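# Structure assessment
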Amino acid sequence: MIRADFHTHTTYCDGAGTPREMVEAAYQMGYTDFGVSGHADFSFCDPGFGMSDEKLAAYKRELEELREEFRGRMNIYIGIELDGLGPVQKAEYAIGSTHCVEKDGEIVCVDDTEEKLEDAVLRLWKGDWYAFAADYFKTEAKVYERTGCDFVGHFDLLTKFNEGFCHFDETKDAYLEPALAAMKRLNDRGLPFEINTGALSRGYRTQPYPSRILLKELCAMGGRIMINSDSHSPKTIGFQFDSARKLALECGFKRVCVLAPGGGFREVPL
Ligand SMILES: [Zn+2]
Ligand SMILES: [Zn+2]
């Protein structure tokens, strides 16, 4: 049986565990396949955040050594999490994520703090969260063209601070129409979408990304999924994967994608 997680972070970006700590934790948990996906250089938005080219090279070297050490016991994949507005640095696989949206020449990070996001929506979108969502999903729709990513990370990250729909109603057409247009465009490229439990482990949300409504729509489109934790610590690898798997089954999915050691994906039963 395959146990896998392909969205994790280390001390090379904003994670709390070294590559060795993360890899050893995954191995101790019985993982067969483990991918590390450090943030690409994020200095277009937040100076010092993410990996410079030099850091990325050291990150790859360290993970290549760990891969040799764990060969035959656990497959290790060396990835990167790219942002649709950021530089395109290379690794063995890339997650295409949308953390930011540009408005009137300003870059707004949607997952930094709730206060900063509220302030930005008030100033730049005159308090119209649906207009903000439409701009977010326009950026999301282009994430493949901009990054050449292998799969889509946390598709609806803009809902991080929207637990209980406190800012906007995620069931309204004004929200869903731009979201589904972006989803369709990315699904037409054949990209899997991850179910991401990162906001659960960090206590921001009670449901993973994407929302149940969006997952059902993805299934109806014939879309594919992965299940990833977006772990920033060894303790949250595989966080609530059982409930993510149950959610996927309830939304109609039968299979989940996992990376293959030679490149590409394998699809295995949920
Ligand atoms: Zn991310
Ligand atoms: Zn991440």
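Residues numbered from 1 in each chain as written. Chains lettered and ligands numbered in written order. Predicted model: local features only at pLDDT ≥ 70, side-chain atom pairs only at ≥ 80, totals over all residues.

### A look at the overall build of the protein chain
When helices and strands are tallied, the protein chain shows nine helices and eleven strands. Over its C-alpha trace the protein chain gives a radius of gyration of 18 Å, about what one expects of a compact globule, namely 18 Å for 270 residues. Projecting the C-alpha coordinates of the protein chain onto the three principal axes gives extents of approximately 55 × 40 × 30 Å. Within the protein chain, the fraction of its 270 residues that count as buried is 47%. (Helix = DSSP H or I, 4+ residues; strand = E, 2+ residues; numbered from the N terminus. Rg over C-alpha atoms; globule rule 2.2 N^0.38 Å. Buried ≥ 20, exposed ≤ 12 C-beta atoms within 10 Å, placed from the backbone.)

### Focus: the pairing of strand S3 (residues 75-83)
In terms of residue burial, S3 counts as a mostly covered element, since eight of its nine residues are buried. Two elements, strand S2 (residues 33-39) and S3, share seven bridges in a ladder whose sense is parallel. Across the sheet, Gly-38 pairs through a bridge with Ile-80, a residue of S3. Following the chain from S2 across helix H2 (residues 53-70) to the adjacent parallel S3, one finds a crossover that is right-handed. (Pairing = 2+ DSSP bridges. Right-handed = clockwise from strand over helix to strand, strands pointing away.)

### Remarks on the environment of Gln-240
Here Gln-240 is to be found in the loop between strand S9 (225-228) and helix H9 (241-250). Sequence separation of Gln-240 and Asn-228 is twelve residues, and the distance between their C-alpha atoms is 9.7 Å. Once residues within four sequence positions are removed from consideration, Gln-240 is found in contact with Thr-197 and Leu-200. (Contact = placed C-beta atoms within 7 Å.)

### Some words on the packing of helix H6 (residues 173-188) against helix H8 (residues 212-220)
Contact geometry for H6 and H8: axes closest at 11 Å, N-to-C directions at 40°. Between H6 and H8, the crossing angle belongs to the class labelled oblique. In this structure, the crossing between H6 and H8 has a hand that is right-handed. Contacts from Leu-176, Ala-179, Leu-180, Met-183 and Asn-187 in H6 reach Ile-213, Leu-214, Glu-217 and Leu-218 in H8. Of the residues contributing to the contact of H6 with H8, the split by class is seven nonpolar, one polar and one charged. (Axes fitted to C-alpha atoms, helices over the stretch in contact; angles between N-to-C directions. Parallel < 35°, antiparallel > 145°, perpendicular 65-115°, else oblique. Left-handed = near helix turned anticlockwise from the far one by under 90°. Nonpolar A, V, L, I, M, F, W, Y, C, P; charged D, E, K, R; others polar.)

### Description of the packing of helix H1 (residues 19-28) against H2
Running from amino to carboxyl end, H1 crosses H2 at an angle of 30°, the nearest separation of the two axes being 10 Å. The orientation of H1 relative to H2 falls into the category roughly parallel. For the pair H1 and H2, the sense of crossing is right-handed. Of the residues in H2, those in contact with Pro-19, Arg-20, Val-23 and Tyr-27 of H1 are Glu-62, Leu-63, Leu-66 and Phe-70.

### So, the pairing of strand S10 (residues 255-259)
In terms of burial, S10 is a largely internal element, four of the five residues being buried. Where S10 and strand S11 (residues 265-269) come together, five bridges link them in antiparallel fashion. Its bridge partner lying in S11, Leu-259 is registered against Phe-265. In textbook terms, the turn of a hairpin is the stretch between consecutive antiparallel strands, and for S10 and S11 this stretch comprises five residues, one of which, Gly-263, has a positive phi near 105°.

### Some points on the nonpolar core
Ala-26, Val-110, Cys-149 and Ile-225 are the most contacted members of the largest nonpolar core, which totals 72 residues. The residues touching Ala-26, leaving out its near neighbours within four places in the chain, are Asp-5, Tyr-31, Phe-34, Met-74 and Ile-237. (Core = buried A, V, L, I, M, F, W, Y, C linked by C-beta atoms within 7 Å.)

### Let's talk about unusual backbone geometry
A negative phi holds for most residues other than glycine; trans holds for most peptide bonds. Here Tyr-209 and Pro-210 are connected by a cis peptide whose omega angle stands at -15°. Checked against the element boundaries, Pro-210 lands in the loop between helix H7 (198-201) and H8. At Asp-104, a position not held by glycine, the phi torsion is positive, near 50°. By the secondary structure assignment, Asp-104 is in the loop between strand S5 (100-103) and strand S6 (106-109). Although it is not a glycine, Gln-240 adopts a positive phi angle of roughly 55°. A residue is classified by how many C-beta atoms lie within 10 Å of it, and Gln-240, with 17 of them, is partly exposed.

### Considerations on the environment of Val-36
Residue position: Val-36 is located in strand S2. Taking the number of C-beta atoms within 10 Å as the measure of exposure, Val-36 has 31 and is therefore buried. Spatially, the C-alpha atom of Val-36 lies 33 Å from that of His-167, the residues being 131 residues apart in sequence. Excluding its chain neighbours within four sequence positions, the residues that come into contact with Val-36 are Thr-8, Thr-10, Pro-19, Met-22, Leu-63, Ile-78 and Gly-79.

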